[in-house]
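Here's the letter readout for the chains.
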Amino acid sequence: MADNFWTGVIVGWLVGLILGFLLPVIGPLIGGFVAGWMVRGGIGNGAKAGLFAGILGAIVIAVLLLLGGTLLLGAFGFIAGLGTSLVIIVAAFVYQGLLSLIGGAIAGAIRR
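Residues numbered from 1 in each chain as written. Predicted model: local features only at pLDDT ≥ 70, side-chain atom pairs only at ≥ 80, totals over all residues. Heavy atoms only, no water.

## What to know about the overall build of the protein chain
Inference 1: Scanning the protein chain from N- to C-terminus turns up 3 helices and 0 strands.
Inference 2: Sequence-ordered secondary structure for the protein chain, helices as α and strands as β, is α-α-α.
Inference 3: For the protein chain, the residues scored as buried account for 35% of the 112 residues in total.
Inference 4: Counted over contacts in the protein chain with a minimum sequence separation of 6, partners at least 24 positions apart contribute 69%.
Inference 5: For the protein chain, the accessible area works out to roughly 6300 Å², and carbon and sulfur atoms hold 83% of it. (Helix = DSSP H or I, 4+ residues; strand = E, 2+ residues; numbered from the N terminus. Buried < 20%, exposed > 50% of the residue type's maximum accessible area, 1.4 Å probe, protein only. Contact = heavy atoms within 4.5 Å. Areas by Shrake-Rupley, 256 points an atom, 1.4 Å probe, with all protein chains shown as cover.)

What follows is the structure in structure tokens.
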């Protein structure tokens, strides 16, 4: 079950990442749906997989901002990137996490 869970989370995250560039609101929702569909186990397990897929995406966005700021502007960029990352990660947790959770819950309800 653990293999299936983390595979679903990673695939859902990748789908959400790819579609998120094209369809900002629909991308995380579909990514969460894919994660929930792959994991199975009902609404709760699907929602949990979708939430983890969304949170993984938020963490990756924050790390990329931090690294990009540091590489481009040095120490000042690190501080600016850190501040921006903290704000972005909170917003992305809510945005991506909630949409992915909803998508995962829908998939879990459909595929019991």
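## Structural notes on the UniProt feature "transmembrane region" (unreviewed entry) in the protein chain
Inference 1: Residues annotated by UniProt as "transmembrane region" (unreviewed entry) correspond here to residues 6–39, 51–80 and 86–110.
Inference 2: In this annotation, residues 51–80 is assigned 100% helix and 0% strand; the end-to-end C-alpha distance for the span is 28 Å.
Inference 3: The span residues 86–110 is 100% helical and 0% strand by assignment, and the distance between its end C-alpha atoms comes to 35 Å. (UniProt positions renumbered as here; feature names shortened; annotations may be inferred.)

## Observations concerning the nonpolar core
Inference 1: Counting residues in hydrophobic clusters, the biggest one holds 7 residues: F5, V9, W13, A35, V39, A49 and A53.
Inference 2: Secondary-structure elements contributing two or more residues to this core are α1 (2–22), α2 (26–39) and α3 (42–110).
Inference 3: Here this core takes 3 residues from α1, the largest share from any one element.
Inference 4: In this structure, A35 is in contact with G8, V9, G12, A49, G50 and A53, ignoring residues within four places of it in sequence. (Core = buried A, V, L, I, M, F, W, Y, C linked by side-chain atoms within 4.5 Å.)

## Side note on α3
Inference 1: Over its 69 residues, α3 extends only 8 Å from the first C-alpha to the last, a length that falls short of the 102 Å expected when each residue adds 1.5 Å.
Inference 2: Most pronounced at L73, the bend in α3 amounts to some 155°. (Expected span 1.5 Å × (residues − 1). Bend = angle between axes of the 7 residues up to and from the residue.)

## Some thoughts on unusual backbone geometry
Inference 1: One non-glycine residue with positive phi stands out, namely R40, at about 65°.
Inference 2: Positionally, R40 belongs in the loop between α2 and α3.

## Thoughts on the packing of aromatic side chains
Describing an aromatic ring pair means giving the distance of the ring centres and the angle of the ring planes.
Inference 1: Going through the model one piece at a time under the given rule, you end up with 4 aromatic pairs.
Inference 2: A centroid spacing of 5.1 Å and a plane angle of 85° characterise the contact between F5 and W6, whose relative ring orientation is edge-to-face.
Inference 3: On the basis of relative accessibility, which here comes to 8%, the residue F5 falls in the buried class.
Inference 4: Judged by centre distance (5.7 Å) and plane angle (25°), the rings of W6 and F52 are stacked. Here W6 is found in helix α1, whereas its partner F52 is found in helix α3, with 46 residues between them in sequence.
Inference 5: Here F52 falls in the partly exposed class, since its relative accessible area comes to 33%.
Inference 6: An aromatic cluster of at least three residues, connected via ring pairs, comprises F5, W6 and F52.
Inference 7: A cation over an aromatic ring shows up here: K48 above the ring of F5, its NZ or CZ 5.3 Å from the ring centre. (Phe/Tyr/Trp six-rings, centres within 6.5 Å; stacked < 30°, edge-to-face > 60°. Lys NZ or Arg CZ within 6 Å of the ring centre and 35° of its normal.)

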